[in-house]
Amino acid sequence: MEYIDYRTEGIVFDIQRFSIHDGPGIRTIVFQKGCPLLCKWCCNPESQDVRPTVLFNADSCVHCGKCLGVCKFGALSTGNTALVDRGACRSCGECVNACPTGALVMKGKAIAVGELVRELKKDAITFRRSGGGVTISGGEPLVQAEFLLELLKACKEQGWHTAMETTGLARESVIERVFPWVDLVLLDIKAIAPDIHKANTGVSNEIILENSIAISNIAPTVVRVPTIPGVNSTISEYRAICSHVKSMNGVDTIHILPYHTYGVNKYGLIGKEYPLTEVPPLTKDEIANLKKLVEDEGFKCVIGG
Ligand code: SF4
Ligand code: SF4
């Protein structure tokens, strides 16, 4: 039997129950912190930093000043419109404890695999009855690879189905260790053209595309394409994506994830501006045309999660 280190700690920022979109059956989603990409359309910007992140809601602040005196790292000042200097913050949580109105909230906390599995066991009956399981999301789960690996092993020890949402960006050795424990990979491919990928995610897609093939050789994989007007919603880019997916092993389904703006309000809470402005949603016709293209290329096509 595989040794599992239940003491391994990771930073998790949310656990969502009763999801029916991210794998088979009814699922519980564990959201890990940290991502090597900075996608301009990211709907979880609070997940990008691997450390716990202080959210500041200016509308709830009554300017009492109680937070200002407790920061030992000089990260809080009234001269800073976003209140928190993200570069100086050490995620100690003292300001969150001092705030009487809930204007400051910590997103993310350290949790050991053993404690997390105890939490997930509350859903074990639902998993069994619905054919569901645990989906690990983020951020990019591969950023906290040791925690991820122990968590996946622990889920399999319980007999649970495991799914993982991923960008596929990690060292080869990490890919080889992690994915044998994943029953279903939900792999994002954002662009094939290197310049489009780099300009909109901040990183090259060379390793991602290499890894996508390696991942599909290890675990059943579905490809998902966050589809952003003006970025990757063109016929040529979609053709290139389909062509790449054909080089992967056994992928028969591509999900089109139409652009949405659900995460826009979160940017203000972490002192950032939303990088995309005036991007219209995809029209029904545009979605229908991309779906037809995907199907004509020989794939099943699903709209959404
Ligand atoms: S979390 Fe700690 S370090 Fe960060 S701003 Fe608050 S008190 Fe300062
Ligand atoms: S403690 Fe809370 S309410 Fe008071 S100034 Fe700081 S953020 Fe605003």
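For every chain, the first residue of its written sequence is number 1, and the numbers climb from 1 along that sequence. Lettering of chains starts at A and numbering of ligands starts at 1, both following the order in which they are written. Local features in a predicted model are, by the rule used here, given only for residues with pLDDT of at least 70; side-chain atom pairs are given and counted only at 80 or more, and totals for whole chains, interfaces and linings are based on all residues. With hydrogens and water stripped out, all remaining heavy atoms of the structure feed into the side-chain values.

Novice: Could you clarify how one ought to interpret the domain arrangement of the protein in this entry?
Specialist: Frequently, the measure chosen for interface size is the accessible area that the parts lose on association. With domains assigned, the protein is organised as domain 1 (9–48 + 109–303) and domain 2 (53–105). Contacts are assigned to residue pairs with any non-hydrogen atoms lying within 4.5 Å of each other. Contact with domain 1, which involves six residues of that partner, is made by seven residues of domain 2. Once two parts are brought into contact, the accessible area they lose, counted with a 1.4 Å probe and summed over both, makes up the buried area. Between domain 1 and domain 2, roughly 480 Å² of surface is buried when both sides are summed, and carbon and sulfur atoms account for 61% of that area. The largest share of the area that domain 1 buries against domain 2 comes from Lys 33, Leu 269 and Ile 270, three residues that together contribute 76% of it. Two N or O atoms count as a polar contact when they lie within 3.5 Å, although within protein this holds only if one can serve as hydrogen donor and the other as acceptor, and sequence-adjacent residues are included solely when both atoms are side-chain atoms. Our count for the domain 1 to domain 2 interface comes out at four residue pairs in polar contact (both at pLDDT 80 or more). Three residue categories are used. Nonpolar comprises Ala, Val, Leu, Ile, Met, Phe, Trp, Tyr, Cys and Pro, charged comprises Asp, Glu, Lys and Arg, and polar comprises the others, including Gly. Per-class residue counts for the side of domain 1 that touches domain 2 are two nonpolar, two polar and two charged. Domain delimitation follows an automatic or database domain assignment.

Novice: When you look at the site of ligand 1 in this model, what are you seeing that I'm missing?
Specialist: When we say a residue is near a molecule or strand, we mean one of its heavy atoms is within 4 Å of it. Around ligand 1 sit Val 54, Cys 71, Phe 73, Ala 75, Leu 76, Cys 89, Arg 90, Ser 91, Cys 92, Gly 93 and Cys 95, and those are all the residues in its vicinity. Partitioning the shell around ligand 1 into residue classes produces eight nonpolar, two polar and one charged.

Novice: For this particular structure, what's the right way to read the pattern of salt bridges?
Specialist: Pairing is possible between side chains of opposite charge, provided their charged atoms come close. Just to be clear on terms, a salt bridge is a Lys or Arg side-chain nitrogen sitting within 4 Å of an Asp or Glu carboxyl oxygen. The final tally for this structure, using the stated rule, is 18 salt bridges. Residue Asp 296 pairs with Lys 292 through a salt bridge whose shortest N-O separation is 2.8 Å. Of this pair, Asp 296 and Lys 292 both sit in helix α10 (residues 284–296), four residues apart, which is roughly one turn of the helix. Linked by salt bridges that have partners in common, Arg 17, Glu 119, Lys 122 and Asp 123 make up one network. Runs of E in the DSSP output that reach at least two residues are strands. Runs of H or I that reach at least four are helices, and both are numbered from the N terminus.

Novice: Would you mind going over the packing of aromatic side chains with me for this structure?
Specialist: Remark: the centre distance and the inter-plane angle together describe each pair of aromatic rings, the angle taken between the planes. Centre distance within 6.5 Å is the pairing criterion for rings of Phe, Tyr and Trp, where only the six-membered ring of Trp is used; planes under 30 degrees apart are then read as stacked, over 60 as edge-to-face, and the remainder as tilted. This structure, assessed with the given rule, holds three aromatic pairs. The interplanar angle of 75 degrees and the centroid separation of 5.5 Å between the aromatic rings of Phe 127 and Trp 160 together place this pair among those described as edge-to-face. Of the two residues, Phe 127 sits in helix α3 (residues 124–130) while Trp 160 sits in the loop between α4 (145–157) and β7 (161–166), which places them 33 residues apart along the sequence. Comparing Phe 127 with Trp 160, the two get one shared label, buried. Ring centres of Tyr 267 and Tyr 274 lie 5.0 Å apart, and the angle between their planes is 75 degrees; on these two criteria the pair is classed as edge-to-face. Three exposure classes are used, based on accessible area relative to the maximum for each residue type with a 1.4 Å probe and protein chains only: buried under 20%, partly exposed in between, and exposed over 50%. Judged by relative accessible area, which is 3%, Tyr 267 ranks as buried. On the basis of relative accessibility, which here comes to 15%, the residue Tyr 274 falls in the buried class.

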